Amino acid sequence: MNQFKKICIIMADITEDYRDEFIVGIEKQANKLGYHTFVFSMPLLDEIHTKKEDEIYGLIDFEQYDGVVFFQNSFSALKSLGNMLESFIHKNCRKPVIVLGDSQFFPETYQPDNRIGIETLTDHVIEEHGCETLYFLGGEANQPLGNDVGFMNSMEKHGLPCTDDNLIYGGYWMECGEALAKDIAYNLVEKPDAVICQDDTVAFFFIKALAKYGIRVPEDIIVTGFDARRDSRNNVLSITTYPSNAEHHGRLVMNRLHTLITGCEEPQITPPKCNIITGMSCGCGDRKPHDIRLQLEL
């Protein structure tokens, strides 16, 4: 008999950096605890451009697994599919389940807390660059990841005013960055000293949109991202960012699932030490890009 137990991981596209690192963390800790992992994934953009590839999820025999990790938040681009899958899991799975994101059915959920990282980035542009007018850009109001809370904590700590006008939501893709860049260019909102973005993807599209209006980064506006995506260092303008510790969070999720499965005490893991990765988007870095495709996109 195979001595290894099995963990089922259900998610959308696995190619995104953060999800990939999260999976690596789950797999490393699972192997350490005596499990094999099996990932069920499919490409997912703004809408499903497939030939019924989503039916792969219906092939899962939950009786073959000891526990399930469901990346509910990876289906944010098509929430209807995510909700359908969560309902399917609830009806067909009798094994322990942990949901990454909010859940309608399962009590065990996990959301990484990004407050410290975003607060540290905000501290940096205030303390090192003397910024006083700042916006937080991206995501959704009341976001569970705490990015906006980290921004507000730093503003309060430095005695800077922070109202709803400083919090500019609008999603996780290019639209929110393009909208803010246009509003700044047409003087519909006060031009800030700095913009702290939800993640590196939002920062990239925001910088790209500013360039269309002749607004320079960092000379006119300082911009930071978050989560240290690989292409944030490979951009024509390297982005100041902060690691999201996705692999560490993956290990924590696996530890919690192991406890649900076995009833054993949850193993403790020391979190890695993190620091800001400075780039030219705040004026501190000077790394040049080496990917001509990304240079041509700006």
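Quick note: structure is the one above.
Residues numbered from 1 in each chain as written. Predicted model: local features only at pLDDT ≥ 70, side-chain atom pairs only at ≥ 80, totals over all residues. Heavy atoms only, no water.

(A) Seen up close, the sheet that holds strand E3 (residues 67–70). Ordered by their spatial adjacency, 5 strands build an open sheet running E2-E1-E3-E4-E5, and the pairing between neighbours is parallel. This sheet does not close on itself; its edge strands, each paired only once, are strand E2 (35–40) and strand E5 (109–110). Strand direction decides the pairing type here: strand E1 (residues 5–10) and E3, joined by 4 bridges, are parallel. Residue pairing for E3: Cys 8 is matched across the bridge by Val 68. Packed onto the sheet, helix H2 (residues 79–92) meets E1, E3 and strand E4 (97–100) and runs at close to 165° relative to E3. Packed onto the sheet, helix H7 (residues 246–262) meets E1, E2, E3, E4 and E5 and runs at close to 155° relative to E4. (Pairing = 2+ DSSP bridges. Helix = DSSP H or I, 4+ residues; strand = E, 2+ residues; numbered from the N terminus. Contact = heavy atoms within 4.5 Å. Axes fitted to C-alpha atoms, helices over the stretch in contact; angles between N-to-C directions.)

(B) Quick peek at the nonpolar core. Membership of the largest hydrophobic core comes to 23 residues, with the highest contact counts inside it found for Leu 137, Leu 180, Val 195, Cys 197, Phe 206, Leu 210 and Val 223. At the level of secondary structure, the elements contributing two or more residues to this core comprise strand E6 (134–137), helix H5 (174–185), strand E8 (194–197) and helix H6 (200–212). It is H6 that contributes the most residues to this core, 8 residues altogether. Discounting chain neighbours no more than four positions away, the residues touching Leu 210 are Ala 181, Ile 215, Val 217, Ile 221 and Val 223. Phe 40, Tyr 57, Val 97 and Phe 106 belong to the second largest nonpolar core, which has 19 residues in total. (Core = buried A, V, L, I, M, F, W, Y, C linked by side-chain atoms within 4.5 Å. Buried < 20%, exposed > 50% of the residue type's maximum accessible area, 1.4 Å probe, protein only.)

(C) Focus on the environment of Ile 184. Along the polypeptide, Ile 184 turns up in helix H5. Between the C-alpha atoms of Ile 184 and Leu 210, which are 26 residues apart in sequence, the distance is 8.7 Å. Not counting residues within four places of it along the chain, the set of residues in contact with Ile 184 comprises Val 189, Lys 191, Pro 192, Phe 206, Ile 215 and Ile 221.

(D) Structural context of the pattern of salt bridges. Counting across every chain of the model gives 8 salt bridges. Taking the shortest distance from any N to any O, the salt bridge between Lys 28 and Glu 247 comes out at 3.1 Å. Placement of Lys 28 in helix H1 (residues 17–32) and of Glu 247 in helix H7 is noted, with a sequence separation of 219 residues between them. Lys 28 sits in the partly exposed class, given a relative accessible area of 40%. Take Glu 247: its relative accessible area is 28%, and that puts it in the partly exposed class. Here Glu 108 ties to Arg 256 by a salt bridge, and the two come within 3.6 Å at their closest N and O atoms. On the criterion of sequence distance, the pair formed by Glu 108 in the loop between E4 and E5 and Arg 256 in helix H7 is long-range, its members being 148 residues apart. Bridged by salt links that share partners, the residues Lys 28, Glu 247 and Arg 251 form one connected network. (Salt bridge = Lys/Arg side-chain N within 4 Å of Asp/Glu carboxyl O.)

(E) Expanded view of the side chain of Thr 201. Within the secondary structure, Thr 201 is located in helix H6. In this structure, Thr 201 is in contact with Tyr 172, Trp 173 and Arg 229, ignoring residues within four places of it in sequence.

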